[in-house]
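Understanding the architecture of this molecule
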Number of protein chains: 2
Amino acid sequence: MADIPARTELKVTTGPIRGSRKIHVGPLKVAMRAIDLEPSSGEPPLNVYDTSGPYSDPNARIDIMAGLPELRRDWIRGRGDVEEVEQREVRPEDNGQLGPDRSGGVQPFPNVRRRVLRAKAGANVSQMHYARRGIVTPEMEYVATRENLGREMLRDYVRDGESFGAAIPDYVTPEFVRDEVARGRAIIPSNINHPESEPMAIGRNFLVKINANIGNSAVASNVAQEVDKLVWAIRWGADTVMDLSTGRNIHDTREWILRNSPVPIGTVPIYQALEKVGGIAEELTWEIFRDTLIEQAEQGVDYFTIHAGVRLPYIPMTAKRVTGIVSRGGSIMAKWCLAHHKESFLYERFDEITEIMKAYDIAYSLGDGLRPGSIADANDEAQFSELYTLGELTKRAWAQDVQVMIEGPGHVPMHKIKENMDKQLEACGEAPFYTLGPLTTDIAPGYDHITSGIGAAMIGWYGTAMLCYVTPKEHLGLPDRDDVKVGVVTYKLAAHAADLAKGHPAAKLRDDALSRARFEFRWRDQFNLSLDPETAEQYHDQTLPAEGAKTAHFCSMCGPKFCSMKITQEVRDFAAKQNQEATTFIAAEEAEAGMAAMSEAYNEGGRELYIGANGREHD
Amino acid sequence: MADIPARTELKVTTGPIRGSRKIHVGPLKVAMRAIDLEPSSGEPPLNVYDTSGPYSDPNARIDIMAGLPELRRDWIRGRGDVEEVEQREVRPEDNGQLGPDRSGGVQPFPNVRRRVLRAKAGANVSQMHYARRGIVTPEMEYVATRENLGREMLRDYVRDGESFGAAIPDYVTPEFVRDEVARGRAIIPSNINHPESEPMAIGRNFLVKINANIGNSAVASNVAQEVDKLVWAIRWGADTVMDLSTGRNIHDTREWILRNSPVPIGTVPIYQALEKVGGIAEELTWEIFRDTLIEQAEQGVDYFTIHAGVRLPYIPMTAKRVTGIVSRGGSIMAKWCLAHHKESFLYERFDEITEIMKAYDIAYSLGDGLRPGSIADANDEAQFSELYTLGELTKRAWAQDVQVMIEGPGHVPMHKIKENMDKQLEACGEAPFYTLGPLTTDIAPGYDHITSGIGAAMIGWYGTAMLCYVTPKEHLGLPDRDDVKVGVVTYKLAAHAADLAKGHPAAKLRDDALSRARFEFRWRDQFNLSLDPETAEQYHDQTLPAEGAKTAHFCSMCGPKFCSMKITQEVRDFAAKQNQEATTFIAAEEAEAGMAAMSEAYNEGGRELYIGANGREHD
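Parameters and conventions
Residues numbered from 1 in each chain as written. Chains lettered and ligands numbered in written order. Predicted model: local features only at pLDDT ≥ 70, side-chain atom pairs only at ≥ 80, totals over all residues. Heavy atoms only, no water. UniProt positions renumbered as here; feature names shortened; annotations may be inferred. Helix = DSSP H or I, 4+ residues; strand = E, 2+ residues; numbered from the N terminus. Buried < 20%, exposed > 50% of the residue type's maximum accessible area, 1.4 Å probe, protein only. Contact = heavy atoms within 4.5 Å. Areas by Shrake-Rupley, 256 points an atom, 1.4 Å probe, with all protein chains shown as cover. Pairing = 2+ DSSP bridges. Axes fitted to C-alpha atoms, helices over the stretch in contact; angles between N-to-C directions. Core = buried A, V, L, I, M, F, W, Y, C linked by side-chain atoms within 4.5 Å. Salt bridge = Lys/Arg side-chain N within 4 Å of Asp/Glu carboxyl O. Phe/Tyr/Trp six-rings, centres within 6.5 Å; stacked < 30°, edge-to-face > 60°. Parallel < 35°, antiparallel > 145°, perpendicular 65-115°, else oblique. Nonpolar A, V, L, I, M, F, W, Y, C, P; charged D, E, K, R; others polar. Left-handed = near helix turned anticlockwise from the far one by under 90°.

- As recorded in an unreviewed UniProt entry, chain A goes by Phosphomethylpyrimidine synthase and comes from Sphingomonas spermidinifaciens.
- Looking at the Sequence similarities (unreviewed entry) heading of the UniProt record, one finds this comment for chain A: "Belongs to the ThiC family."
- One UniProt comment on chain A, placed under Catalytic activity (unreviewed entry), says "5-amino-1-(5-phospho-beta-D-ribosyl)imidazole + S-adenosyl-L-methionine = 4-amino-2-methyl-5-(phosphooxymethyl)pyrimidine + CO + 5'-deoxyadenosine + formate + L-methionine + 3 H(+)".

1. Notes on the overall build of chain A
- A count of helical and extended segments in chain A gives 20 helices and 15 strands.
- Across the 619 residues that make up chain A, the buried fraction comes to 67%.
- Contacts in chain A between residues far apart in sequence, at least 24 positions, make up 76% of those at least 6 positions apart.
- As presented, chain A carries roughly 19,600 Å² of accessible surface, and 52% of it is formed by carbon and sulfur atoms.

2. As for the UniProt feature "domain: ThiC-associated" (unreviewed entry) in chain A
- Cross-referencing UniProt, the feature "domain: ThiC-associated" (unreviewed entry) maps to residues 19-83 of chain A in the present numbering.
- Secondary structure across residues 19-83 of chain A divides into 9% helix and 28% strand, with the first and last C-alpha atoms of the span separated by 44 Å.

3. Considerations on the environment of Lys418(B)
Residue and element names in this part refer to chain B.
- With respect to the helices and strands, Lys418 occurs in helix α13 (residues 417-427).
- Overall, the relative accessible area of 28% leaves Lys418 in the partly exposed class.
- For the pair Lys418 and His251, spaced 167 residues apart in the sequence, the C-alpha separation amounts to 39 Å.
- Discounting chain neighbours no more than four positions away, the residues touching Lys418 are Phe164 and Tyr462.

4. What about the side chain of Asp532(B)?
- Inspection of the secondary structure puts Asp532(B) in the loop between α17 (523-529) and α18 (533-543).
- A relative accessible area of 1% places Asp532(B) in the buried class.
- Non-local contacts of Asp532(B), meaning those with residues more than four positions away in its chain, are made with Tyr447(A), Trp236(B), Lys485(B) and Val489(B).

5. Some remarks on the pairing of strand β1 (residues 20-25) of chain B
- As defined by bridge partners, β1(B) adjoins strand β2 (residues 30-35) of chain B across six bridges and the pair is classed as antiparallel. The residue bridging Val25(B) from the neighbouring strand is Val30(B), located in β2(B).

6. What about the sheet that holds strand β3 (residues 46-49) of chain B?
All names here are of chain B.
- Sheet architecture is open: three strands sit in the order β1-β2-β3, paired in antiparallel fashion. Edge positions in the sheet fall to β1 and β3, since each has one partner strand and no second. Pairwise comparison of adjacent strand axes, ignoring direction, gives a mean angle of 40 degrees for this sheet.
- Against the sheet, helix α3 (residues 138-148) touches β1, β2 and β3, its axis set at about 10 degrees to β2.

7. Some remarks on unusual backbone geometry
Residues and elements named next belong to chain B.
- Residue Gly410 follows Pro409 across a cis peptide bond; omega there is 10 degrees.
- Note that Gly410 resides in the loop between β13 (404-408) and α13.
- Following Gly437, the chain continues to Pro438 via a peptide bond in cis, the omega torsion being 10 degrees.
- Secondary-structure assignment places Pro438 in the loop between β14 (433-436) and α14 (448-462).
- In this model, His475 sits at a positive phi of 75 degrees, which is unusual for a non-glycine residue.
- Position of His475 relative to the elements: it lies in the loop between β15 (466-468) and α15 (481-502).

8. Some words on helix α4 (residues 174-183) of chain B
- The complete set of buried residues in α4(B) reads Phe176(B), Val177(B), Arg178(B), Glu180(B), Val181(B) and Ala182(B).
- On the buried face of α4(B), the contacting elements are α2 (127-132), α3 and β6 (186-187) of chain B.

9. Looking at the nonpolar core
- Judged by nonpolar contacts, the single largest core of 314 residues is most densely connected at Phe289(A), Tyr364(A), Met414(A), Phe289(B), Tyr364(B) and Met414(B).
- Among all residues touching Met414(B), those that are not within four sequence positions of it are Ala457(A), Met458(A), Trp461(A), Ala497(A), Ala498(A), Ala501(A), Thr440(B), Ile454(B) and Met458(B).

10. Thoughts on the pattern of salt bridges
- Taken as a whole and assessed by the stated rule, the structure comprises 110 salt bridges over all chains.
- Asp94(A) is paired through a salt bridge with Arg88(A); the nearest N and O atoms lie 2.9 Å apart. Side by side, Asp94(A) and Arg88(A) carry an identical accessibility label, which is buried.
- Two residues, Glu355(B) and Lys358(B), come together in a salt bridge whose shortest N-O distance is 3.6 Å. Within this pair, Glu355(B) and its partner Lys358(B) are both found in helix α11 (residues 350-358), separated by three residues, close to a single helical turn.
- With relative accessibility at 41%, the residue Glu355(B) sits in the partly exposed group.
- Since its relative accessible area comes to 17%, Lys358(B) is described here as buried.

11. Here's the deal with the packing of aromatic side chains
- Under the defined criterion, the tally for this structure stands at 25 aromatic pairs over all chains.
- For the ring pair Trp523(A) and Phe527(A), a centre distance of 6.2 Å and an interplane angle of 40 degrees mean the geometry is tilted. With a gap of four residues between them, Trp523(A) and Phe527(A) both fall in helix α17 (residues 523-529), about one helical turn apart.
- With 5.7 Å between their ring centres and 80 degrees between their planes, Trp232(B) and Trp236(B) make a pair best called edge-to-face. Judged on exposure class, the residue Trp232(B) and its partner Trp236(B) are both buried.
- Among the aromatic residues, those joined into a ring-pair cluster are Trp286(B), Phe289(B), Trp336(B) and Phe345(B).

12. As for the sheet that holds β15(B)
All names here are of chain B.
- Spatial strand order, β8-β9-β10-β11-β12-β13-β14-β15: eight strands in a closed barrel with parallel pairing. For this sheet, the mean inter-axis angle between neighbouring strands, taken without regard to orientation, is 25 degrees.
- Across the face of the sheet, helix α5 (residues 223-235) comes into contact with β8 (209-214), β9 (240-243) and β10 (265-267) while running at roughly 160 degrees to β8.
- Strand contacts of helix α8 (residues 286-299): β10 and β11 (303-306), with the helix running at about 160 degrees to β11, the strand carrying the most contacts.

13. Structural notes on the side chain of Ser163(A)
- Turning to its location among the elements, Ser163(A) is positioned in the loop between α3 (138-148) and α4 (174-182).
- If near-sequence neighbours (up to four positions away) are discounted, Ser163(A) is found in contact with Ile168(A) and Lys502(A).

14. Structural notes on the packing of α15(B) against helix α16 (residues 507-519) of chain B
All names here are of chain B.
- Contact pair α15 / α16: the axes reach a minimum separation of 8 Å and the direction vectors enclose 110 degrees. Here α15 lies roughly perpendicular to α16, going by the angle between them. When α15 is examined against α16, the residues His496, Asp499 and Leu500 are found in contact with a partner set consisting of Ala507, Lys508 and Asp511.
- Split by residue class, the contact of α15 with α16 holds two nonpolar, one polar and three charged.

15. Focus: the environment of Leu370(A)
All names here are of chain A.
- With respect to the secondary-structure elements, Leu370 resides in the loop between β12 (363-366) and α12 (381-398).
- Between the C-alpha atoms of Leu370 and Gly410, which are 40 residues apart in sequence, the distance is 9.7 Å.
- Once residues within four sequence positions are removed from consideration, Leu370 is found in contact with Val310, Tyr314, Thr318, Arg321, Ile325, Ala382, Gln383 and Glu386.

16. Considerations on the packing of α3(A) against α4(A)
Residues and elements named next belong to chain A.
- Where α3 contacts α4, the axes come no closer than 8 Å and their chain directions differ by 115 degrees. As summarised for this structure, α3 and α4 are arranged roughly perpendicular, according to the angle between their axes. Crossing angle aside, the handedness with which α3 passes α4 is right-handed. Counted together, Met140, Glu141, Val143 and Ala144 of α3 and Pro174, Val177 and Arg178 of α4 form the full contact between these two elements.
- Of the residues in the contact of α3 with α4, the class split is five nonpolar, no polar and two charged.

17. Notes on the pairing of β2(B)
Residue and element names in this part refer to chain B.
- For β2, the tally of buried residues reaches six of six residues, placing the bulk of the element in the interior.
- What you see with β2 is no split at all: Val30, Met32 and Ala34 on one side and Ala31, Arg33 and Ile35 on the other are buried throughout.
- From the end of β1 to the start of β2, which pair antiparallel, there are four residues, and Gly26 there has a positive phi angle of about 75 degrees.
- Note: β2 against β3, four bridges, orientation antiparallel. Bridged to Met32 within β3 is Tyr49.

18. Thoughts on the environment of Pro269(A)
Residue and element names in this part refer to chain A.
- Of note, Pro269 is situated in helix α7 (residues 269-276).
- Taking the relative accessible area as the measure of exposure, Pro269 reaches 0% and is therefore buried.
- Placed 20 residues apart in sequence, Pro269 and Phe289 show a C-alpha to C-alpha distance of 7.5 Å.
- Each residue touching Pro269, except ones within four places of it in the same chain, is listed here: Phe289, Thr292, Leu293, Gln296, Phe304 and Thr305.

Shown next as structure tokens:
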């Protein structure tokens, strides 16, 4: 991205996240971040979920020319159901090199595997297939440890939330993960050719996840910049990344991204297939599409967006919409159907596509090609007709033990959001829902990370398993480095708000730790516990730059005399002195009695309170 | 604010808002903004609600030394129930000048009225009092015209929304406004000494409003900067502004703000009263507080936040909270109660306070001094005990026909937001609810305009009448000019999302107009119809700066070949050509038939589609 600070050609963003320590938990060494709090807090470090991979580990050696270590290599091969095959030969059209060379200067990844993995004849290597046969894979164990985050810290935990029928356990066992995957309520995207990925689950009974989209810039950019888009997005919390690159060099760019990605990578194969026919949708064929699936499967793509629900009869339903068809894939298939007046080949060849998916364990992300592109088009006949078709396809994929999630809208006013969740659960048998926002109004371009963050938090609460981020540049332009960060952090807070509201056992730990830090004026802890410590400290310092202000027991908003938190501390001290039970209602009379004594104590010592008003503090 | 561009001493931000034209509607000349659309759209101008006052009117002469014209002067005096009295003499302590002069350089407003208005002995000049006697005031008529915004444009309108029991009319009549005010379901804050204000209503059956807080900076700032904070906030959409100034020169600063404000101004009188006793809460007395009310009433403050619900018995309930008492006013009163082991004088003198309010038509904003300051403290006993006391006080204020709204939280996870609304409606007899956010998680300092924008949109949908904005600097520092704008726009979009979800008849007009502009690539219309045209255009230009790009029929995200909206237009053209009814479901068979003919037409003309792929466009 244009504004990435100049750096040596192949360097990406590395180093610990401010205030965090990389830790590796359990026999599988599950990566997490530990946030150490000031000794005065008397609190243990808080462990938080970590998507940033080895890039934030000072002990890891990062060389994007070599790629990341193959965490899952032995797990995959150890199952004895895969074989090595020659990788399909890369052709010029794979990189959009039809006609004259339009290379943007992206060199091939130097460390390409010549031989790739595929399921042995007749075998099925999907996590769902193992799960349904009762096998708990290392991937499932890894997910269990990762999701349990902090649950072991919980004492006499009282569940507080409304989960709308979800089944969030107090403690996640590997067996629970297996059962959720077997039932299709969760997926673990894990292509056998992407052994670098750290297993994660997408499902309504796990932490709400977020996805960030990246893509090669129209302006020629070097590979380090392309890889850094990935590294930057996961640094701030992206759980998966979709590579939506189009045009030139997309095969090579994708190879660079996959070999250096610790998170699952998703793509929309129809984009590349369209490039192979020079952008003329009606010239797309099943053979070209199928070849593209194999190409990407062998590279290690973990999930495919397939717009198989855009059926011929639904297309005319969009004619009177305010914004018609706004999905690229959806419009490409609509155009193909119109040109050939035929049913979509994605729909007709669906079972053949599934055959390919199961040979690599690629998950479906069934695309909502007819999603609404405006408030006016929300929840209409075209949208829901497609949704019910996606439900039918879900069952067909499950019949072959292939993992599935369902893509959702889009633009939806608040009062129509829950209907989307309810219909999806019903139509798709609780397969994970993966939504884009939804945006709750159309009138704020430039702020669509917020119009959609509102809808994302709500639909996440209702049961959506993964939220696809929206940046401030949505509808207007290409996001830069800052936009990606703002988009990711906005969606991270929306996902967390959803986890809180669902009553996720571990979610509240971080809020409470930060609020205690806030109340006790532990500024550094407050920064370090936040989703974006750098911005929090920078904002604080704009008003009170002095180092001293970071330990001062008052803040810039109220100043020393007005600090309500100081006064509250007095309330607390008095209540304590009186040994009075302060948590239950006290009738006015009793209170007066208790207060009488307190007041004397107060008038003796209390006047001292403001002696140190300009920073010095009474005890 | 530090980053206000240098300008002549007493200049503030003026000039039209980009793409808008100031208009004045009806006999009362109600100010609105008309957004003209490109001729190609064939659409009439869209009228939008306008809070920016004369500052955005090129025909208005702005002189902050003189103040704004007195729009309501004749209405107020024409009722014959007010008398002129000598203004209470300004004392040094009113400006925090106790002891040595600490003047920050704020000169007195040059155009102070020596004589101010007060109700004649025995009279009650509140809008509620008129309403209950069946009188429709010009203020009510002004509100009716202002709220009807675009409703007259609606043809065969079908109500679409969930209003949770609100009673939003298809058309707002002056009689409807009168009835809502009479019932206490809406207020029109309108101090008879603030004739410069443009009447507006705060109520569940009207458009959701937003408030912005401003305050004198700790760093000495000149009066133009203080006034410009107001002008800047209303320019982007603040419906009311609260002056939370503390310390020095607050009397004079408030005079400058009131004389130049077209929106109602709210204050928290206890802040100034505390200054008058040198910041020692326990030295506050009823006499000092009462004198402060008179002082601010005569200046023209339209609503007072009064923390009369912080009762002695509730204070110990906060002792075991994670963040105790976070309201300044609440903690000041808690401290006073503790020091004197007495019930709050605000509670005990409530009826006397009401006597003062009705003599000037000042509305109560009953403060939630015990609101939760963290997710952990949401919806607890202290909070709801206070809420029910506020309900009791509401009825006492209504007994004297004084207008009331109720302040609400704070920090509340999504699953506990609706309970706040439901309890408020029940406890306070549908008096308007006015909430701060609520923030839906504590873990994102630096992004609390978003954590709270989520809660604000939801509680606005549930029935909250006004949303108090939160800026990105919340919890960290003092907002600058950019923070104020981001906070206001974020809350404006949240309020609009709420209006949409409630099914407000006029709300959807703007979304639809913008979405049509988006679909038809009318970029300038898209910018002009947005809440922040400047940011929208700036973001667009970062990717496609060329003027041509503003009329190009594709956008930077997809490029010419991928434009799904172009393809949708084809779907639409074909559907039209076939004269087929495209809005109802078509079975596959019929569709195939219809499509057959379409496909021929397509293969003749369709191939031409991409001839102009790099910007030139087919018709």
